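Examining the three-dimensional arrangement
Given next are the chains, with one letter for each unit.
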Amino acid sequence: MDGFTMNILAAILAPDGQLHAGWAELIGCAVEAARAAGGRAEALVLGGFQPGAASAQVAQAWRAGAERVFVAGDATLADPDPDRYLGALAEAARATEASTIVLNGDPFGAQIGPRLAMRLGAAPITDAVGVRPADGKPAWIRPMYGGKAMAVIGTRRPKAVVTVRPRAFAAPAPRAGEPPAEAIVQVALKEVGSAPGRVRVVERKRAASEGLRLEDARVIVSGGRGIGGAEGFQMLQKLAGVLGGAVGASRAAVDAGWIAGHLQIGQTGKMV
């Protein structure tokens, strides 16, 4: 490892050109991993914007703790097509020469992470909730057996692609100022326009949502088959309002049509 700097790259995917929930925590993960490996935390902002049009997002990523921010954009990335993002991310990752790439472990990132590892010849690690040093490299902590045990996973390969459980890491304290010119690196995507796209967006619908999102709630009142019907969730809504929390549901309640699918929690829903 002599003379080798381990760069940890937080890959922030932004189809609409905006940074969404979890991006700062992802940089926090990169900062912790870089500290564990004696390396450097960096960020990649990748999305459906024209090159040079993401200055606000770049500044946010730098203030959150990334020592260097790579920017890669293309109009074909405006739709969240996993195949196009896979190709664009692989191309951008090679340009950054990162040792480890961390991705948000949401449903979109979970589709891309293991496939990206295969393309880069890297070790795939999923659902990480922590990191610690091990022989000059980060070792990743992930739950097993439904959270009953924790595994510490290292890799013999020089590269790794890690998907990170949402909210597992804390966002770093932001720093003031503007990023210096040398901290911003534009990455040209030469192959993304020719990459095959198997997803075609025919309509967009925004789910109606009131109150806290499950991902942001500190208190969740959850119901399942025992609630007995949709009217039971009205009672849970009142209780959640008193507690300042959000309502969640089991798969059985969602399958029965008693409550909306985006409120499902657990291994088959949102991890909270």
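We now turn to the structure provided with this report.

1. Side note on the sheet that holds strand β10 (residues 184–186)
Strand pairs in the sheet, formed through backbone hydrogen bonds, run parallel or antiparallel to each other. Taken in spatial order, the seven strands make up an open sheet running β5-β9-β4-β1-β2-β3-β10, and their pairing is parallel. A single partner strand is all that each edge strand has here, and the edge strands are β5 (123–128) and β10. Each adjacent strand pair in this sheet contributes to an overall mean axis angle of 20°, direction not counted. In the sheet, strand β4 (residues 100–104) pairs with strand β9 (residues 160–164) via five bridges, with the strands oriented parallel.

2. Considerations on the sheet that holds strand β8 (residues 149–153)
Read across the open sheet, the three strands follow the order β6-β7-β8; overall the sheet is antiparallel. With partners counted over all chains shown, the strands left at the sheet margins are β6 (130–134) and β8, one partner each. The sheet shows a mean angle of 30° between the axes of neighbouring strands, taken without regard to direction. When strand β7 (residues 137–144) meets β8, the two strands line up antiparallel, connected through five bridges. Its bridge partner lying in β8, R142 is registered against A151. Against the sheet, helix α1 (residues 23–37) engages β6 and β7, with an angle of about 130° to β7.

3. Some details on a nonpolar patch on the surface
Taken together, the side chains of V219, L239, V242 and L243 present a nonpolar region at the surface, about 350 Å² in accessible area. Structurally, V242 is set in helix α5 (residues 230–243). Judged by relative accessible area, V242 falls into the exposed class, the value being 70%.

4. Structural notes on the pairing of β9
Here is the key point about a regular strand: its side chains alternate between the two faces of the sheet. A large share of β9 lies buried, amounting to five of its five residues. The two faces of β9 match: A160, V162 and V164 on one face and V161 and T163 on the other face are all buried. In terms of strand pairing, β5 meets β9 through four bridges, oriented parallel. Note on β9: the bridge partner recorded for P124 is V161.

5. Points about unusual backbone geometry
A positive phi angle, near 60°, is found at E97, a position not held by glycine. The exposed category is assigned to E97, whose relative accessible area is 63%. The backbone of R167 sits at a positive phi, close to 70°, despite the residue not being glycine. With respect to the helices and strands, R167 occurs in the loop between β9 and β10.

6. A word on the packing of aromatic side chains
The full count for this structure, using the stated rule, is one aromatic pair. Summarising the aromatic geometry, the rings of Y85 and F108 are spaced 5.4 Å apart at their centres and angled 80° between planes, so their arrangement reads as edge-to-face. Of this pair, Y85 sits in helix α3 (residues 82–96) while F108 sits in helix α4 (residues 107–120), and the two are 23 residues apart along the sequence. Given a relative accessible area of 16%, F108 falls into the buried group. Looking at R175, its charged tip hangs above the ring of W62, at a distance of 4.1 Å from the centre.

7. Comments concerning the environment of Q234
Relative to the helices and strands, Q234 resides in helix α5. For the pair formed by Q234 and R132, sequence separation is 102 residues and the distance between their alpha carbons is 44 Å.

8. Side note on the side chain of Q57
Summarising the element assignment, Q57 is placed in helix α2 (residues 55–63). When its relative accessible area of 8% is taken as the criterion, Q57 is described as buried. The residues contacting Q57, other than those within four sequence positions of it, are G17, Q18, L19 and V45.

9. Regarding α4
Over its 14 residues, α4 runs 21 Å from end to end, which matches the ideal 20 Å to within 8%, given 1.5 Å per residue. At G113, α4 shows its maximal kink, close to 25°; a proline, P114, follows between one and four residues later. Every buried residue of α4 is listed here: F108, G109, I112, G113, L116, A117 and L120. Looking at the buried side of α4, the elements it contacts are β1 (7–14), α3, β4, β5 and β9.

About the thresholds
- Residues numbered from 1 in each chain as written.
- Predicted model: local features only at pLDDT ≥ 70, side-chain atom pairs only at ≥ 80, totals over all residues.
- Heavy atoms only, no water.
- Pairing = 2+ DSSP bridges.
- Helix = DSSP H or I, 4+ residues; strand = E, 2+ residues; numbered from the N terminus.
- Axes fitted to C-alpha atoms, helices over the stretch in contact; angles between N-to-C directions.
- Contact = heavy atoms within 4.5 Å.
- Patch = residues over 30% accessible without salt bridge, like charges linked within 9 Å, V, L, I, M, F, W, Y side chains within 5 Å.
- Areas by Shrake-Rupley, 256 points an atom, 1.4 Å probe, with all protein chains shown as cover.
- Salt bridge = Lys/Arg side-chain N within 4 Å of Asp/Glu carboxyl O.
- Buried < 20%, exposed > 50% of the residue type's maximum accessible area, 1.4 Å probe, protein only.
- Phe/Tyr/Trp six-rings, centres within 6.5 Å; stacked < 30°, edge-to-face > 60°.
- Lys NZ or Arg CZ within 6 Å of the ring centre and 35° of its normal.
- Expected span 1.5 Å × (residues − 1).
- Bend = angle between axes of the 7 residues up to and from the residue.

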